[in-house]
Amino acid sequence: MLNKIFLQGRLVADPELKQTASGVSVCTFRIAVERDFKNKETGEKETDFISIVAWRNSAEFVSRYFSKGRLAIVEGRLQMRSYTDKEGVKRTVAEVVADNIYFGDSKRDNDSTYTPPAQTQSPDYGTPLAGEDQFSELSDESELPF
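(A) Spatial organisation of the nonpolar core. Counting 16 residues, the largest nonpolar core has Phe-29, Ile-31, Ile-52, Val-74 and Ile-101 as its most contacted members. Put simply, the parts of the chain that give this core at least two residues each are β1 (5-11), β3 (25-38), β4 (45-55), α1 (56-65), β5 (71-84) and β6 (90-103). By residue number, the principal contributor to this core is β3, which donates four residues. Beyond its immediate stretch of four places on either side in the chain, Val-74 contacts Ile-5, Phe-6, Leu-7, Phe-29, Ile-31, Ile-52, Val-96, Ala-98 and Asn-100.

In structure tokens form, the structure reads like this:
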């Protein structure tokens, strides 16, 4: 049987990271996924809000690098889960169990809360050998050399 899903959407809230009783990390979040077509009556595109669950390293990754409004690409599987609520009513929920989560956008230039990971010092490979060309930086105003 095949159960594979790919979604792209924006987080509607910051991800929530928890630990199970045995210490396994689990992160839950929801993404807003816009439908490809417009509603005939309103002329507007509708949006689905989909619950995502990530485990272990993926959970840690999402909680560390994603926040509300960030575009995410989720690869996983659809899972149906049943539970009984506080009033004793049996409920069923659909959620995506994420296998992989990717950034769907680049560094958000307009987001002042974004902090890039610390950069490491590049290794020193010494001076170039005699006769080797050295690279030079091009300004944005000049034409490309090819």
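We are not done yet, so read on.
(B) The pattern of salt bridges, seen in detail. In this structure the tally under the stated criterion is ten salt bridges. A salt bridge links Lys-4 to Asp-99; its shortest N-O distance comes to 3.8 Å. Taken as a pair, Lys-4 in the segment before β1 and Asp-99 in strand β6 lie far apart in primary sequence, 95 residues in all. We note a salt bridge from Arg-70 to Asp-105, for which the minimum N-O separation is 2.7 Å.

What counts and what doesn't
Residues numbered from 1 in each chain as written. Predicted model: local features only at pLDDT ≥ 70, side-chain atom pairs only at ≥ 80, totals over all residues. Heavy atoms only, no water. Core = buried A, V, L, I, M, F, W, Y, C linked by side-chain atoms within 4.5 Å. Buried < 20%, exposed > 50% of the residue type's maximum accessible area, 1.4 Å probe, protein only. Helix = DSSP H or I, 4+ residues; strand = E, 2+ residues; numbered from the N terminus. Contact = heavy atoms within 4.5 Å. Salt bridge = Lys/Arg side-chain N within 4 Å of Asp/Glu carboxyl O.

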